[in-house]
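One-letter residues, chain by chain:
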Amino acid sequence: MENKKSKGILERLNAGEVVVGDGGYVMQLERRGYVKAGHWTPESAVEHPEAVRQLHREFLRAGADVIQTFTFYCSEDKLDISGNVPNITGAQINEAACDLAREVANEGDALVAGCVSKTPCYATSRSETDVKAIFKKQMDDFLKKDIDFLIVEFVDHVEEAVWAVEVLKTSGKPVGATLCISPHGDMEGVPPGECAVRLVRAGADIVGINCHLDPMTCVRTVKLMKEGLEKAGLKAHLMIQPLGFHTPECNLGGYISLPEYPFAMESRAMTRWDVHKYVREAYNAGIRYIGGCCGFEPYHIRAIAEELAAERGFLPAASEKHGPWGAALEMHTKPWVRARARREYWENLLPASGRPTCPSMAAPADNYGK
């Protein structure tokens, strides 16, 4: 499928532009009935392309500048373990996902990012040769489809992420690397700053954080990565695609250690106004690639684009159906609802959970990674 991109990812970031990422796929598609929880594999790119295409389109309409391939956990070893797709190969999924992402990206001015994630092979063998072979196989599928750049994401051991970057860099394409770690560091205790240094020295052009913890926590972690790079005299663009749920526990293992994971996370969901606050904090921290991961729905991505409308110079198409800061509520028949058509109301609202016997925080499982 033809690549109709205008400027590449590094051209945009080098020019100081803000790049809006897309949102979460596996959790959103699980809720819609196209992904099996526990497996979290992306075979619906082949089985139900219309579902993946629709979610891509919703993110594009909401303002996303990048459409990521729906290839999470699409390494052959993960597919084999899941047993969920005996008649579909990883190559088939990767290629179908690339075609879907390109089709939708070409409907706007979006880029396509080919994405790899952590492998079961690393957890079981720690074999650099075997892990790199898995990443290369997936990368080769992406290169057949001429994706615009590559991302390694959702990795909680910096060593594995470094191996991925070293492989992806051989493509000649720009490479982004996002870890799913807390401010405490990766699962081996490597601090965020040192993680960033290792990734950049391996060849990453863009580094940051994705998933596992809430936006403000992820901003804190990216700030630590930035400090580490500055101390080492290194430069890279900064990227953030956090979890769309509140995780004030800030535990090492992130939300998958919470008792609500994965089927009762709704009470922790971010509001669109929470996203506005997150985006401004991220922008002020010098982060210019700003998106979301699990729990980030299209309206959250629209909130990113709306918060950054002045910096980007335009609003997304989805804002045609959304009054800034609730402005459209001025037409409501109820006076108390009309009174909410103002920024001050939404910025200062403390939302109730509606669950009087529920705690505000939980006790995460303490054996993650052990």
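Only a predicted model underlies this, so the values are computations on that prediction, with no experimental measurement involved. (Residues numbered from 1 in each chain as written. Predicted model: local features only at pLDDT ≥ 70, side-chain atom pairs only at ≥ 80, totals over all residues. Heavy atoms only, no water.)

**Some points on the sheet that holds strand 1 (residues 19-20)**
An order of 1-8-7-6-5-4-3-2 is seen for the eight strands of this open sheet, with the pairing classed as parallel. Strand pairing shows two members of the sheet lacking a second neighbour, strand 1 and strand 2 (66-68), which therefore form its edges. (Pairing = 2+ DSSP bridges. Helix = DSSP H or I, 4+ residues; strand = E, 2+ residues; numbered from the N terminus.)

**Describing the UniProt feature "binding site: Zn(2+)" (unreviewed entry) in the protein**
Under the local residue numbering, the UniProt record ascribes the feature "binding site: Zn(2+)" (unreviewed entry) to Cys211, Cys293 and Cys294. In three dimensions, the annotated residues from a span of 84 residues occupy one location, with a maximal C-alpha spread of 6.3 Å. Mapped onto the secondary structure, cysteine 211 falls in the loop between strand 6 (206-210) and helix 11 (215-232). Take cysteine 211: its relative accessible area is 0%, and that puts it in the buried class. Setting aside chain neighbours within four positions, we find cysteine 211 in contact with Phe154, Cys218, Gln241, Pro242, Leu243, Tyr255, Cys293 and Cys294. (UniProt positions renumbered as here; feature names shortened; annotations may be inferred. Buried < 20%, exposed > 50% of the residue type's maximum accessible area, 1.4 Å probe, protein only. Contact = heavy atoms within 4.5 Å.)

**Details of the packing of aromatic side chains**
Counted according to the given criterion, the structure contains 14 aromatic pairs. The interplanar angle of 70 degrees and the centroid separation of 5.5 Å between the aromatic rings of tyrosine 122 and tryptophan 163 together place this pair among those described as edge-to-face. Taken together, the residues span a long stretch of sequence, with tyrosine 122 in helix 7 (residues 120-125) and tryptophan 163 in helix 9 (residues 158-168) at a distance of 41 residues. A relative accessible area of 3% places tyrosine 122 in the buried class. A ring pair is formed by tyrosine 278 and phenylalanine 296, whose centres lie 6.0 Å apart and whose planes are at 75 degrees; its orientation type is edge-to-face. Taken as a pair, tyrosine 278 in helix 12 (residues 272-284) and phenylalanine 296 in the loop between strand 8 (289-290) and helix 13 (298-307) lie far apart in primary sequence, 18 residues in all. Using a relative accessible area of 1% as the deciding quantity, one classes phenylalanine 296 as buried. Joined through ring pairs, the aromatic side chains of Trp40, Phe245, Tyr255 and Tyr261 make up one cluster. Lying over the aromatic face of tyrosine 73, lysine 78 brings its terminal NZ or CZ to 4.4 Å of the ring centre. A cation sits over an aromatic face here: arginine 288 above tyrosine 283, 3.7 Å from the ring centre. (Phe/Tyr/Trp six-rings, centres within 6.5 Å; stacked < 30°, edge-to-face > 60°. Lys NZ or Arg CZ within 6 Å of the ring centre and 35° of its normal.)

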